2 protein chains.
Amino acid sequence: MSEKTMDLRRVGLKVTHPRLQILRLLEQTDPERKHLTADEIYRLLNEQGEEIGLATVYRVLSQFEQACLVRKHMFDDGSGRPMQACYELHDGDHHDHMVCLETGDVIEFVDEEIEERQREIANRHGYDIVEHSLVIYVKPKKSA
Amino acid sequence: MSEKTMDLRRVGLKVTHPRLQILRLLEQTDPERKHLTADEIYRLLNEQGEEIGLATVYRVLSQFEQACLVRKHMFDDGSGRPMQACYELHDGDHHDHMVCLETGDVIEFVDEEIEERQREIANRHGYDIVEHSLVIYVKPKKSA
DNA sequence: ATTTATGCAAATAGTTTGCACACGT
DNA sequence: ACGTGTGCAAACTATTTGCATAAAT
């Protein structure tokens, strides 16, 4: 029994073809390209001959999100075009994101100093942090 | 001639009633409540007897955004409900946001240490920062 | 056999746009 | 008068939902 099958069982979801395929896709994609929109997932799967409806993709992703199998992000690329949610496999660890506006690459990072300062700021104002989201939008450095 | 009128002239927009009213609203609201959605602006203005269409509110806000008179944010309150853009007057200075999930209050802050670390991280990966967005989602501390 | 998933099409929510009229300059 | 801006209604996009069928346990 595959690992994916167990993942699904563990979170109480039936092991169906669409769910396995979506998991597979999210696992396969390479590091800088593993943040996919619902539509990308839909398109990629159908290109590979898997006939899976867009509604199913959305439903499955939102179930996965609730089950903490995936994380959902809203990267506002600032560029005005309509914003789409994108999803990545949930690896357990928290990390922030750096999005390259030219290539669309997404680099993940963690900086303990930044994390600490955030806690301090929240604390100073009498709050506890529930969550936070840090996205740095970047462009490749023009090396002279 | 009012300050608002000059703001509009300066960015090349005609001085119209809807634009003045929207500016006024954004200026008047108190610090923790000055991040308004298009719909809130529409509703507030109409409650005050200003008959301004929702489409106009959207159009004006997006013109203001391009003119750097306002900033647009997408606060994903995590809670699953549909996400709406919200707008605040652009004061020139950059700042990050802390959103209270219980009251909806928005606290602004800047931390030079965090800013610096971000530059460092981008730099280390060969990127220049174009922009960044840091939102801390918090809940009031339960004081024992 | 029973429960849960799926696909399709229709619904929804936020936002945008076309067009005829009204307003600012 | 001229060029913009506005309001309304209709269009659009991302996402969700109702329902009849199909698949998983």
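What counts, and where the lines are drawn
Residues numbered from 1 in each chain as written. Chains lettered and ligands numbered in written order. Predicted model: local features only at pLDDT ≥ 70, side-chain atom pairs only at ≥ 80, totals over all residues. Heavy atoms only, no water. UniProt positions renumbered as here; feature names shortened; annotations may be inferred. Helix = DSSP H or I, 4+ residues; strand = E, 2+ residues; numbered from the N terminus. Buried < 20%, exposed > 50% of the residue type's maximum accessible area, 1.4 Å probe, protein only. Contact = heavy atoms within 4.5 Å. Salt bridge = Lys/Arg side-chain N within 4 Å of Asp/Glu carboxyl O. Polar contact = N/O pair within 3.5 Å; in protein donor to acceptor, adjacent residues only side chain to side chain. Nonpolar A, V, L, I, M, F, W, Y, C, P; charged D, E, K, R; others polar. Pairing = 2+ DSSP bridges. Domains from an automatic or database assignment. Buried area = accessible area lost by both parts, 1.4 Å probe. Axes fitted to C-alpha atoms, helices over the stretch in contact; angles between N-to-C directions. Expected span 1.5 Å × (residues − 1). Arc of directions from axis to C-beta.

Per an unreviewed UniProt entry, chain A carries the name Ferric uptake regulation protein and comes from Wenzhouxiangella limi. In its Sequence similarities (unreviewed entry) section, UniProt records this for chain A: "Belongs to the Fur family." Within the UniProt record for chain A, the comment given under Subcellular location (unreviewed entry) is "Cytoplasm".

Enquirer: Looking at this structure, I do not really get the environment of leucine 23 of chain B. What am I missing?
Expert: All names here are of chain B. Turning to its location among the elements, leucine 23 is positioned in helix α2 (residues 17–28). By relative accessible area, leucine 23 is classed as buried at 3%. Measuring from C-alpha to C-alpha, the distance between leucine 23 and lysine 4 comes to 7.0 Å, with 19 residues separating the pair along the chain. Not counting chain neighbours up to four residues away, the residues in contact with leucine 23 comprise Lys4, Leu8, Phe64 and Leu89.

Enquirer: Please explain the interface of chain A and chain B as it appears in this structure.
Expert: The extent of an interface is frequently quoted as the accessible surface area lost upon association of the parts. With 34 residues of chain A at the interface, the matching set in chain B holds 35 residues. On the surface where chain A and chain B come into contact, there are 2 salt bridges. Of the charged contacts, one joins arginine 117 of chain B and aspartate 111 of chain A as a salt bridge, the two residues approaching to 2.8 Å between their closest N and O atoms. Applying the counting criterion to the chain A and chain B interface returns 14 residue pairs in polar contact (both at pLDDT 80 or more). The set of elements that each furnish at least two residues to the side of chain A that touches chain B consists of β4 (96–100), β5 (106–109), α5 (112–124) and β6 (127–140) of chain A. Counting residues per element, the side of chain A that touches chain B draws most heavily on β6 of chain A, at 14 residues. By residue class, the composition of the side of chain A that touches chain B is 19 nonpolar, 6 polar and 9 charged. Direction of pairing for β6 of chain A relative to strand β6 (residues 127–140) of chain B: antiparallel, over a ladder of 13 bridges. In the strand pairing of β6 of chain B, proline 140 of chain A is matched with tyrosine 127 of chain B.

Enquirer: Is there a simple way to explain the domain arrangement of chain A in this structure?
Expert: All names here are of chain A. Entries for chain A in the domain assignment read domain 1 (1–92) and domain 2 (93–143). On a C-alpha basis, the centroid separation for the pair domain 1 and domain 2 is 23 Å. In this complex, domain 1 contributes 13 residues to the contact, which on the side of domain 2 involves 14 residues. For the pair domain 1 and domain 2, the summed buried surface comes to about 1,000 Å²; carbon and sulfur atoms form 48% of the total. For domain 1, the biggest contributors to the area lost against domain 2 are Glu32, Arg33 and Phe75; these three give 43% of the whole. Across the pair aspartate 105 and arginine 33 runs a salt bridge, and its minimum N-O distance is 2.4 Å. Where domain 1 meets domain 2, there are 9 residue pairs in polar contact (both at pLDDT 80 or more). Partitioning the side of domain 1 that touches domain 2 into residue classes produces 2 nonpolar, 3 polar and 8 charged.

Enquirer: Help me out: how do you make sense of the sheet that holds β4 of chain A in this one?
Expert: Two pairing modes exist for strands in a sheet, parallel and antiparallel, and in both the strands are linked by backbone hydrogen bonds. With respect to topology, 6 strands assemble into an open sheet ordered β5(A)-β4(A)-β6(A)-β6(B)-β4(B)-β5(B), the strand pairing being mixed. Every interior strand has two partners, whereas the edge strands, β5 of chain A together with β5 (106–109) of chain B, have only one. Taking each pair of neighbouring strands and ignoring which way they run, the sheet shows an average axis angle of 20 degrees. For strand β4 (residues 96–100) of chain B and β5 of chain B, the ladder comprises 4 bridges, and the chain directions are antiparallel. Paired with histidine 97 of chain B across the strands is glutamate 108 of chain B, a residue of β5 of chain B. Of the strands in this sheet, β4, β5 and β6 of chain A together with β4 and β6 of chain B touch helix α5 (residues 112–124) of chain B, which is tilted by about 135 degrees from β6 of chain B.

Enquirer: What is the right way to read the sheet that holds strand β2 (residues 70–74) of chain A from this model?
Expert: Residues and elements named next belong to chain A. Pairing in this open sheet of 3 strands is antiparallel, and the strands run β1-β3-β2 from one edge to the other. Strand pairing shows two members of the sheet lacking a second neighbour, β1 (36–37) and β2, which therefore form its edges. Against the sheet, helix α2 (residues 17–28) touches β1, β2 and β3 (85–89), its axis set at about 80 degrees to β3.

Enquirer: I'm lost on α5 of chain B in this one. Help?
Expert: Each full turn of the α-helix corresponds to 3.6 residues, which orients residues three or four apart in the same direction. For α5 of chain B, which comprises 13 residues, the first-to-last C-alpha distance of 18 Å matches the rise-based estimate of 18 Å (1.5 Å per residue) to within 8%. Of the residues making up α5 of chain B, those classed as buried are Ile114, Glu115, Gln118, Ile121 and Ala122 of chain B. Each buried residue of α5 of chain B sits inside an arc of 125 degrees when the element is viewed along its axis, so together they form one side. Buried-residue contacts for α5 of chain B involve β4, β5, α5 and β6 of chain A together with β4 and β6 of chain B. Capping of α5 of chain B at its N-terminal end is provided by aspartate 111 of chain B; its side-chain oxygen lies 3.0 Å from the backbone amide nitrogen of glutamate 113 of chain B. Two residues or fewer after α5 of chain B comes glycine 126 of chain B, characterised by a positive phi angle close to 85 degrees.

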